Amino acid sequence: MFYAIISEDVPNSGDKRKGARADHLARLHELKDAGRLLLAGPHPAVDSNDPGAAGFTGSLVVAEFASLSDAQSWADADPYVNAGVYERVLVKPFKRVLP
């Protein structure tokens, strides 16, 4: 089943994001390579693909896991969690309808 991992950043998370980004992306690439990643990306703080100094306010990952507890465990081990980027992380089942 798919699960949505909805994360909200702490204020001024830019430097923390930069420091953990490579490890964060490596885990996402592992999901992608295993055919389990539906989509992933950050939420820009402003209405722009490149928010510049405004940075990001959080992230969304939708990926396949065996169970909600597996998805939660994966989310809890995110390098952004360990680096203090995320203030909150919500993991919810996701039913893909389209496309």
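Residues numbered from 1 in each chain as written. Predicted model: local features only at pLDDT ≥ 70, side-chain atom pairs only at ≥ 80, totals over all residues. Heavy atoms only, no water.

### Describing the sheet that holds strand 3 (residues 56–64)
Inference 1: Sheet architecture is open: four strands sit in the order 2-3-1-4, paired in antiparallel fashion. Looking along the sheet, the strands with just one partner apiece sit at the ends: strand 2 (37–44) and strand 4 (86–94). Strand after strand, the sheet turns through a mean of 10° between neighbouring axes, direction not considered.
Inference 2: As defined by bridge partners, strand 1 (residues 2–9) adjoins strand 4 across eight bridges and the pair is classed as antiparallel. Bridge pairing links Tyr3 to Pro93 in strand 4.
Inference 3: Against the sheet, helix 2 (residues 68–76) makes contact with strand 1, strand 3 and strand 4, and its axis sits at roughly 155° relative to strand 4, the strand it touches most. (Pairing = 2+ DSSP bridges. Helix = DSSP H or I, 4+ residues; strand = E, 2+ residues; numbered from the N terminus. Axes fitted to C-alpha atoms, helices over the stretch in contact; angles between N-to-C directions. Contact = heavy atoms within 4.5 Å.)

### Quick notes on empty space enclosed by the protein
Inference 1: Under the counting rule described, the total for this entry stands at one cavity of 30 Å³ or more.
Inference 2: A volume near 50 Å³ is recorded for the largest cavity.
Inference 3: Lining of the largest cavity is provided by Ile5, Ser7, Val61, Trp74, Ala75, Asp78, Val81, Tyr86 and Val89.
Inference 4: Counting residues per element, the ones that place at least two in the lining of the largest cavity are strand 1, helix 2 and strand 4.
Inference 5: Per-class residue counts for the lining of the largest cavity are seven nonpolar, one polar and one charged. (1 Å grid on protein atoms, 1.4 Å probe; cavity = no way out; pocket = protein on both sides within 12 Å on 5 of 7 lines; lining within 4 Å. Points joined across faces, edges and corners; volume = space filled by probe spheres on them. Nonpolar A, V, L, I, M, F, W, Y, C, P; charged D, E, K, R; others polar.)

### Thoughts on helix 1 (residues 14–33)
Inference 1: Under the 1.5 Å per step criterion, the end-to-end length of helix 1 is 27 Å for 20 residues, consistent within 8% with the ideal 28 Å.
Inference 2: Along helix 1, the sharpest kink reaches roughly 55°, centred on Ala20.
Inference 3: Those residues of helix 1 that fall on the buried side of the exposure criterion are Arg17, Ala20, His24, Arg27, Leu28 and Leu31.
Inference 4: Next to the buried residues of helix 1 lie strand 1, strand 2, strand 3, helix 2, helix 3 (79–82) and strand 4.
Inference 5: One or two positions beyond helix 1, positive phi appears at Gly35, with a value near 75°. (Expected span 1.5 Å × (residues − 1). Bend = angle between axes of the 7 residues up to and from the residue. Buried < 20%, exposed > 50% of the residue type's maximum accessible area, 1.4 Å probe, protein only.)

### A few points about the layout of surface pockets
Inference 1: Roughly 540 Å³ of volume is contained in the largest pocket.
Inference 2: Considering the residues around the largest pocket, the lining is formed by 27 residues, among which Arg17, Pro42, Gly55, Phe56 and Tyr80 are closest to the centre.
Inference 3: Among the secondary structure elements, those contributing two or more residues to the lining of the largest pocket are helix 1, strand 2 and strand 3.
Inference 4: Broken down by element, the residue count for the lining of the largest pocket peaks at eight residues, all from helix 1.
Inference 5: Partitioned by chemical class, the residues of the lining of the largest pocket number 14 nonpolar, nine polar and four charged.

### Topic: unusual backbone geometry
Inference 1: Following Leu98, the chain continues to Pro99 via a peptide bond in cis, the omega torsion being -15°.
Inference 2: Tracing the sequence through the fold places Pro99 in the segment after strand 4.
Inference 3: Not every positive phi belongs to a glycine, and Asn12 is a case in point at roughly 55°.
Inference 4: As for its placement among the helices and strands, Asn12 is situated in the loop between strand 1 and helix 1.
Inference 5: Of the residues examined, Asn12 reaches a relative accessible area of 78% and is grouped as exposed.

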